[in-house]
Amino acid sequence: MSAFVTLDGVRKQWSHTVAVGPLSLEIPRGEILVLLGPSGSGKTTVLRLLGGFEAPDAGRIELAGEDVTAVPPARRRCGMVFQHYALFPHLDVGENVAFGLKGRGTRNEGRVEAKVAEVLTLVGLEGFERRRVQELSGGQQQRVALARALAPEPQVLLLDEPLSNLDPSLRERTRRELRALIKRVGITTIFVTHEQEEAFALGDRVAVLQAGRLEQLAAADELYEHPASVFVATFVGRANVLRGKTAQALGAGPGQLVVVRPERLILADAGVPGVVRERRYTGAAAFYLVETEQGDRLEVLARPEAARVGDRVYLEAARVLTFPEERA
Ligand SMILES: Nc1ncnc2c1ncn2[C@@H]1O[C@H](COP(=O)(O)OP(=O)(O)OP(=O)(O)O)[C@@H](O)[C@H]1O
Ligand SMILES: [Mg+2]
């Protein structure tokens, strides 16, 4: 894999916290890489380091084969949509989009107008130039922010939770549209989110960060089926983590803990006995909270009519992941 974006041993520390690193990543041209991690795990800091808005304390950053570690933001050719994609409320849509073109050598009025029209069409806002920002929906504002980032024809697109202001249904649709748009443009993209569902929907690969370090970098199904750590297993998707007797009954050896996903547990005729304490109906299925005799509580995904609260049931696991106890 020849990398288009490289982070090599990059480290960033604030007075007391190591926000990032050391972190090494290689991203091939045209890839959508998602940075996924909990709040405070260093996602925004990684993007700001890539964009040149922060300087690393150690390590090297390469874009398109060039060492840009000491290159200022304006010369890095990164388009960034910030976490709170502040549009300028006193400027109209066209002026907002043109903003990124000013100061980048594009002074010719006609060329600016043509470029603004082109990127607005690209994001599905053809003819919106003279609209006021406050008159737009959240999703439309998000697309203006994206158009503004794309207008200077960056070589890398950096997106920091750009969909977090949208309501769930709009968010899901915008996700699909955004992925299609990025693939159409073919631009190498780093997308930050703290939501697993969003990471899976958007990314070619997903990098899971915890406390500024890379826990695992893989395609979605690989992360879900073969998590490298208990942290990844529990952060990416739902998971039951078990120790001791119940873990051993489900197939773990001594000193191991078991991670089992709700959909891999089966309400069976024999196995680990327990009682259904709660049932959460989701329509297509239901989550059952089953308490074992040891007092472990396991979440099981099954058919909505599979059991009722108070039923005695037996659990079998179709697939478990085991981890050494001391690494958890
Ligand atoms: N300018 C700053 N000064 C001091 N500490 C900072 C600064 N910026 C970030 N940090 C700290 O660095 C760590 C990583 O912050 P960062 O903003 O990168 O996290 P994040 O993963 O983007 O979180 P969120 O999901 O909440 O946006 C945090 O502990 C944060 O408090
Ligand atoms: Mg952030």
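Residues numbered from 1 in each chain as written. Chains lettered and ligands numbered in written order. Predicted model: local features only at pLDDT ≥ 70, side-chain atom pairs only at ≥ 80, totals over all residues. Heavy atoms only, no water.

Trainee: Give me the lowdown on the overall build of the chain, citing residues and values where you can.
Mentor: Along the chain, the regular secondary structure elements total nine helices and 18 strands. C-alpha extents for the chain along the principal axes are approximately 75 × 45 × 35 Å. Out of the 328 residues belonging to the chain, those deemed buried represent 48%. Accessible surface, the chain: about 15,600 Å² in total, of which carbon and sulfur atoms supply 48%. Taken as two groups, the 42 positive and 42 negative side-chain charges of the chain have centres that lie 2 Å from each other. (Helix = DSSP H or I, 4+ residues; strand = E, 2+ residues; numbered from the N terminus. Buried < 20%, exposed > 50% of the residue type's maximum accessible area, 1.4 Å probe, protein only. Areas by Shrake-Rupley, 256 points an atom, 1.4 Å probe, with all protein chains shown as cover. Lys, Arg positive; Asp, Glu negative; His and termini not counted. Charge placed at Lys NZ, Arg CZ, Asp CG, Glu CD.)

Trainee: Quick one: what's the story with the sheet that holds strand β15 (residues 286-292), residue by residue and with numbers?
Mentor: Taken in spatial order, the five strands line up as β13-β17-β14-β15-β16 in an open sheet, and their pairing is antiparallel. Looking at strand neighbours, the two that pair on one side only are β13 (265-268) and β16 (297-302), the edges of this open sheet. Put simply, the sheet's adjacent strands are angled 45° from each other on average, direction ignored. Note that strand β14 (residues 272-281) and β15 share seven bridges and pair antiparallel. Pairing of E278 across the sheet is with L289, part of β15. (Pairing = 2+ DSSP bridges. Axes fitted to C-alpha atoms, helices over the stretch in contact; angles between N-to-C directions.)

Trainee: Could you give me a rundown of the sheet that holds strand β7 (residues 156-160), with the residues and numbers involved?
Mentor: Strands sit in the order β6-β7-β8-β3-β9-β10 across an open sheet of six strands; the sheet is mixed. The sheet terminates laterally at β6 (78-81) and β10 (213-218), the two strands that pair on one side only. For this sheet, the mean inter-axis angle between neighbouring strands, taken without regard to orientation, is 15°. For β7 and strand β8 (residues 188-193), the ladder comprises five bridges, and the chain directions are parallel.

Trainee: How would you sum up the site of ligand 1? Please name residues and give values.
Mentor: Ligand 1 sits among 13 residues. The nearest are S39, G40, K43, T44 and T45. At a separation of 3.1 Å, a nitrogen atom of ligand 1 approaches a polar side-chain atom of W14. S41 is positioned such that a nitrogen or oxygen atom in its backbone is 3.2 Å from an oxygen atom of ligand 1. Computed on the free molecule, ligand 1 has an accessible area of 640 Å², of which 62% lies beneath the protein chains in the complex. Top contributing element to the shell around ligand 1 by residue count: helix α1 (residues 43-51), with three residues. Among the residues making up the shell around ligand 1, the classes are represented as three nonpolar, eight polar and two charged. (Near = heavy atom within 4 Å. Polar contact = N/O pair within 3.5 Å; in protein donor to acceptor, adjacent residues only side chain to side chain. Nonpolar A, V, L, I, M, F, W, Y, C, P; charged D, E, K, R; others polar.)

Trainee: So, the pattern of salt bridges: which residues are in play, and what are the values?
Mentor: Applying the stated criterion across every chain yields a total of 26 salt bridges. Note that E198 is salt-bridged to R171, the shortest N-O span being 3.1 Å. Of this pair, E198 sits in helix α6 (residues 196-202) while R171 sits in helix α5 (residues 168-185), and the two are 27 residues apart along the sequence. (Salt bridge = Lys/Arg side-chain N within 4 Å of Asp/Glu carboxyl O.)

Trainee: Can you lay out the nonpolar core for me, pointing to particular residues and giving the numbers?
Mentor: Ranked by size, the top nonpolar core spans 44 residues in total, and within it V97, L146, L157, L159 and L178 carry the most contacts. It is helix α4 (residues 138-150) that provides the largest number of residues to this core, a total of six residues. For V97, the contacting residues outside a window of four places in its chain are V116, V119, L120, V144, A147, R148 and A151. One finds V10, A19, I61 and V156 within the second-largest nonpolar core, a separate group that totals 27 residues. (Core = buried A, V, L, I, M, F, W, Y, C linked by side-chain atoms within 4.5 Å. Contact = heavy atoms within 4.5 Å.)

Trainee: An account of the layout of surface pockets is needed here, citing residue identities and associated values.
Mentor: Considering only enclosed or pocket space, the second largest pocket measures out at about 210 Å³ in volume. Around the second largest pocket, the lining is made up of 13 residues, and of these G94, A98, V112, V116 and R130 lie nearest the centre. Breaking the lining of the second largest pocket down by element, the ones donating at least two residues are α2 (93-99) and α3 (109-122). Take the lining of the second largest pocket: its biggest share by element is five residues, from α3. A breakdown of the residues in the lining of the second largest pocket according to their chemical character gives six nonpolar, one polar and six charged. (1 Å grid on protein atoms, 1.4 Å probe; cavity = no way out; pocket = protein on both sides within 12 Å on 5 of 7 lines; lining within 4 Å. Points joined across faces, edges and corners; volume = space filled by probe spheres on them.)

Trainee: Tell me about the domain arrangement of the chain, residues and numbers included.
Mentor: Each assigned domain of the chain is listed with its residue range as follows: domain 1 (3-234) and domain 2 (239-327). Distance between the C-alpha centres of domain 1 and domain 2: 39 Å. Contacts between domain 1 and domain 2 engage ten residues on the former and eleven residues on the latter. Interface area for domain 1 against domain 2, summed over the two sides, is near 830 Å², with a carbon-plus-sulfur share of 52%. (Domains from an automatic or database assignment. Buried area = accessible area lost by both parts, 1.4 Å probe.)

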